[in-house]
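# A look at the structure
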Amino acid sequence: MNIPLSSPDIGDLEKKYVMEVLDSQQLCFGEKQREFERKFAEYVGTKYALSVNSGTSGLHLCLLALGLEPWATIATTPFSFIASANCINFVGAELELVDIDDDTLNMDLTRLDTSLLSAVLPVHVFGLPCKIPKMGISIIEDACEALGAPVGTEGDCAVFAFYPNKQITTGEGGMIVTDDKKIYDLCKSMRNQGREGDSFVRLGYNYRLSDINCAVGLAQLERIEEILVKRRQVANWYKERLKDVDWIIVPEDRKSWFVYVIRVKKDRDALMQKLQTKGVQCKNYFQPIHLTPFYRREFGYKEGDFPVAEKVSKETIALPFFNNLTEKQVDYVCEVLQE
Ligand SMILES: *Cc1c(COP(=O)(O)O)cnc(C)c1O
C-alpha cells in the first residue's frame, strides 16, 4: 500500500466554479474573488478579507502595513514553518525567537517580556489555537495552519494559507483578515504594485490571487464544515488506535486539524525509515527554524538555543493525513508503526 502524506480534496463544485471563471473571460479581479473574500471575512468573523497569492505574501504585507520596518523587533516561534520567521527578515526587522510550550507546541505568550518588542507573530501550530493575551503591541496571527479553529480575530490582522496540504486549498494562495480599514487598504494597495486609483503611491508588489484560484477556494470554503468533519474523523481513527501505545503521545484534540503529528519515545528516524519503506509517507514536522543552515549561518543560532523546540522536533512524526484518508489506510499506518 502506498499512502501519501497529504492529498487535496477537489470535487465537482470546484470544477464548476473554475469553468465559470474560464467562461467569464475575467480571470482576475472578478466575481469569484469578491465572493471568496466576502464569504471568508464572514466565516472568520472579521470586517475585511484580502486574497493574496500565498500565505507568505500575506505575512509580508501585514508586517509592512503595520509599519514594522528595520527598527522593529518581532517575536515568533522557532517551531513553525520557516515563512513565519522569513517574513520578519523580509522587512529587515530584528527577529526574536521564543521557545515553545512542551504540551501545546505553541509559544507561551504569557511569559513573554513585551517591553523590548514592537510586535509578536504567534503561530497556531498544527491548528491548535495559541492563546493570545492583551499585550499592548502589534499582533499578527499566523493562522496558516488553523482555518476552522477559533482564530484570526485576536490580532491586528491574521493570515491564512491555501497550499494543497492546508484545510482548504486554492493551489497556491492566502488570505489576510482584519477589522482595521487602514491595514486593509494598505495591504490592498501593496498587493497590486502600490496602486491607489490610477497612480502608484508606494512601493508595491504583485501578490494578487487570480479568479481561477479564488474559484477553487470559494468552493472549498462552501464545503468547510464537511471538510473539518472529515478531518476530525481521521484524527479520531488515529487516536483510537494509538492512544494506548505507551511509547506514542497522540496530539491534543482540536476543532481544526492541519496535520496529524504524533510524538514517539523511540528512535524516531528509524521509525520514519520503516514507515517509508512500507509505503507510508511521513515527515519530521518541524525542523526548528533556528537550526536550518540559513538561520545558523546568518544569525549564529546553534543547538541548545531553544531546548523545548529542539526536543519536540526530534520526537515528532507527521502521519498521512487528508480528508479522504480511509479507515483501512489508517489501520495500515498504525499496524506498520507498531510492528
Ligand atoms: C503554510 C504556512 C505558511 C505559508 O504559506 P504559503 O502559502 O506556503 O506561503 C506560513 N506559516 C505557516 C505556519 C504555515 O504552515
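Because the structure is predicted, anything quoted here is derived from the model rather than measured.

Time to look at the overall build of the protein. Within the protein one finds 11 helices and 12 strands. Relative to its length of 339 residues, the protein is compact, with a C-alpha radius of gyration of 20 Å against a globular reference of 20 Å. Projected onto the principal axes, the alpha-carbon positions of the protein cover approximately 65 × 50 × 35 Å. Burial statistics for the protein: of 339 residues in total, 57% are counted as buried. Partitioning the contacts of the protein with sequence separation of at least 6, the portion at a separation of at least 24 is 63%. Here the protein displays about 14800 Å² of accessible surface, and carbon together with sulfur accounts for 50% of that area. Within the protein, the 49 negative side-chain charges are centred at a point lying 2 Å from the centre of the 40 positive side-chain charges.

Our next topic: the nonpolar core. The biggest cluster of nonpolar side chains holds 52 residues, and the ones touching the most others in it are Leu63, Ile74, Phe79, Phe126 and Ile140. At the level of elements, β1 (48-52), α3 (55-65), α4 (83-90), β3 (94-97), β6 (157-161), α5 (181-191) and α10 (307-315) are the ones that each hand at least two residues to this core. Broken down by element, this core gets its largest block of residues, 6 residues, from α3. Residues Val245, Trp247, Leu275 and Phe321 belong to the second largest nonpolar core, which totals 30 residues.

On to the pairing of β3. Burial along β3 is one-sided: the face carrying Leu95 and Leu97 is buried and the face carrying Glu94 and Glu96 is not. Looking at chain direction, strand β2 (residues 73-76) and β3 are connected through 4 bridges and run parallel. Each residue of the ladder has a partner; that of Thr76, found in β3, is Leu97. For the crossover from β2 across α4 to β3, the handedness is right-handed.

Applying the stated rule across the entire model yields 20 aromatic pairs. When the centroid spacing of 4.6 Å and the interplanar angle of 15° are considered together, the rings of Tyr48 and Tyr184 count as stacked. Linking Tyr48 in strand β1 with Tyr184 in helix α5, this pair joins segments that are 136 residues apart in sequence. Tyr184 shares its class with Tyr48; the two are buried. In this structure an aromatic cluster arises from ring pairing among Phe294, Tyr295, Phe299, Tyr301 and Phe306. Lys166 extends its terminal NZ or CZ atom over the ring of Phe81, reaching a point 5.9 Å from the ring centre.

One open sheet holds the 3 strands; their spatial order is β10-β11-β12, and the pairing between them is antiparallel. The sheet is open, and its two borders are formed by β10 (248-249) and β12 (316-319), each paired with just one other strand. With 4 bridges connecting them, strand β11 (residues 260-264) and β12 associate as antiparallel partners. Considered in β12, the bridge of Arg263 is made with Thr316. Those strands touched by helix α8 (residues 268-277) are β11 and β12, and its axis lies near 20° from that of β12.

Next up on the list: helix α1 (residues 12-24). Residues lying three or four places apart along an α-helix face the same way, a consequence of the helix completing one turn every 3.6 residues. Spanning 13 residues, α1 covers 18 Å between terminal C-alpha atoms, matching the ideal 18 Å at 1.5 Å per step. For α1, the set of buried residues is Glu14, Tyr17, Val18 and Val21. All buried residues of α1 fall inside an arc of 100° around its axis, so they share one side. Away from the buried face of α1 by more than 90 degrees, exposed residues Asp12 and Asp23 are located. Buried residues along α1 sit against α2 (31-44) and α6 (211-222). The positive-phi residue at the C-terminal boundary of α1 is Gln25, with phi of around 70°.

In this section: the sheet that holds β6. Read across the open sheet, the 7 strands follow the order β1-β7-β6-β5-β4-β2-β3; overall the sheet is mixed. Every interior strand has two partners, whereas the edge strands, β1 and β3, have only one. Its contacts with the sheet put α2 on β1, β6 and β7 (174-178), and the angle it makes with β1 is roughly 130°. Its contacts with the sheet place α5 against β1, β6 and β7, and it is angled at close to 20° to β1.

What follows covers the site of the ligand. Neighbouring the ligand are 14 residues; Gly55, Thr56, Asp142, Glu145 and Lys166 lie closest to it. In the environment of the ligand, an oxygen atom lies 2.8 Å from a nitrogen or oxygen atom belonging to the backbone of Gly55. Thr56 places a polar side-chain atom, nitrogen or oxygen, 2.5 Å from an oxygen atom of the ligand. Out of a free accessible area of 380 Å², the ligand has 92% covered by protein chains. Looking at the shell around the ligand, the elements that each hand over two or more residues are α3 and α4.

About the thresholds
Residues numbered from 1 in each chain as written. Predicted model: local features only at pLDDT ≥ 70, side-chain atom pairs only at ≥ 80, totals over all residues. Heavy atoms only, no water. Helix = DSSP H or I, 4+ residues; strand = E, 2+ residues; numbered from the N terminus. Rg over C-alpha atoms; globule rule 2.2 N^0.38 Å. Buried < 20%, exposed > 50% of the residue type's maximum accessible area, 1.4 Å probe, protein only. Contact = heavy atoms within 4.5 Å. Areas by Shrake-Rupley, 256 points an atom, 1.4 Å probe, with all protein chains shown as cover. Lys, Arg positive; Asp, Glu negative; His and termini not counted. Charge placed at Lys NZ, Arg CZ, Asp CG, Glu CD. Core = buried A, V, L, I, M, F, W, Y, C linked by side-chain atoms within 4.5 Å. Pairing = 2+ DSSP bridges. Right-handed = clockwise from strand over helix to strand, strands pointing away. Phe/Tyr/Trp six-rings, centres within 6.5 Å; stacked < 30°, edge-to-face > 60°. Lys NZ or Arg CZ within 6 Å of the ring centre and 35° of its normal. Axes fitted to C-alpha atoms, helices over the stretch in contact; angles between N-to-C directions. Expected span 1.5 Å × (residues − 1). Arc of directions from axis to C-beta. Near = heavy atom within 4 Å. Polar contact = N/O pair within 3.5 Å; in protein donor to acceptor, adjacent residues only side chain to side chain.

Note that all results are geometric; they support no functional claim without further evidence.
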